[in-house]
Amino acid sequence: MEPSTEQTAKVLLTLSPPEVDGLKEGINFVRNKEEGKSYILFKDGEALRACKNLCKHQGGLFIKDIEDLSGR
């Protein structure tokens, strides 16, 4: 049986126009108040890019910092 290649879309975060206007240029940290998950939004003019905030302090998992790998 071949794995499914079907994709589905899910809205993870919505912002009102005033909330979007309130974002600063560059990196912004936003929390979805309904589910408590955090996101990182990058604003560049009219363009917005978003990703989940999976930093360790947010409960996410990741490999050691690159500084830790060097043995310093």
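Residues numbered from 1 in each chain as written. Predicted model: local features only at pLDDT ≥ 70, side-chain atom pairs only at ≥ 80, totals over all residues. Heavy atoms only, no water.

The name an unreviewed UniProt entry assigns to the protein is Rieske domain-containing protein, from the organism Ornithorhynchus anatinus.

Peer 1: Mind showing me how you'd approach the sheet that holds strand E3 (residues 47-52) here?
Peer 2: Paired through their backbone hydrogen bonds, the strands of a sheet run either parallel or antiparallel. Within the open sheet, the 3 strands sit side by side as E1-E2-E3. Their pairing is antiparallel. What marks the edges here is a single partner per strand, and that holds for strand E1 (26-31) and E3. Sheet twist, expressed as the mean angle between neighbouring strand axes with direction ignored, is 25 degrees. The sheet contact formed by strand E2 (residues 38-44) and E3 spans 6 bridges and is antiparallel. Paired with Asp44 across the two strands is Ala47, which belongs to E3. (Pairing = 2+ DSSP bridges. Helix = DSSP H or I, 4+ residues; strand = E, 2+ residues; numbered from the N terminus. Axes fitted to C-alpha atoms, helices over the stretch in contact; angles between N-to-C directions.)

Peer 1: Any chance you could explain a nonpolar patch on the surface here in plain terms?
Peer 2: On the surface, Ile27, Phe29 and Phe42 cluster together into a nonpolar patch covering about 320 Å² of accessible area. By secondary structure assignment, the location of Phe29 is in strand E1. (Patch = residues over 30% accessible without salt bridge, like charges linked within 9 Å, V, L, I, M, F, W, Y side chains within 5 Å. Areas by Shrake-Rupley, 256 points an atom, 1.4 Å probe, with all protein chains shown as cover. Salt bridge = Lys/Arg side-chain N within 4 Å of Asp/Glu carboxyl O.)

Peer 1: I tried to follow a negative patch on the surface on my own but got confused; where do I start?
Peer 2: A cluster of acidic side chains, namely Asp21, Glu25, Asp44 and Glu46, defines a negative patch on the protein surface. With relative accessibility at 51%, the residue Asp44 sits in the exposed group. (Lys, Arg positive; Asp, Glu negative; His and termini not counted. Charge placed at Lys NZ, Arg CZ, Asp CG, Glu CD. Buried < 20%, exposed > 50% of the residue type's maximum accessible area, 1.4 Å probe, protein only.)

Peer 1: Would you mind going over the confidence of the model for the protein with me for this structure?
Peer 2: A low pLDDT means the predicted coordinates there should not be read in detail. Across the protein, the average pLDDT comes to 79, with 74% of residues at or above 70. Taking the mean pLDDT of every element in the protein, the minimum, 49, falls on helix H2 (residues 66-69) and the maximum, 94, on helix H1 (residues 17-21). (pLDDT = per-residue confidence, 0-100.)

Peer 1: Please clarify how the pattern of salt bridges should be interpreted in this entry.
Peer 2: A pair can form between side chains of opposite charge whenever their charged atoms are brought close. Scanning all chains against the criterion turns up 1 salt bridge. For Glu19, the salt bridge identified is with Lys33, shortest N-O distance 3.9 Å. You can see Glu19 sitting in helix H1 and its partner Lys33 sitting in the loop between E1 and E2, a full 14 residues away along the chain. Glu19 sits in the partly exposed class, given a relative accessible area of 36%. Overall, the relative accessible area of 73% leaves Lys33 in the exposed class.

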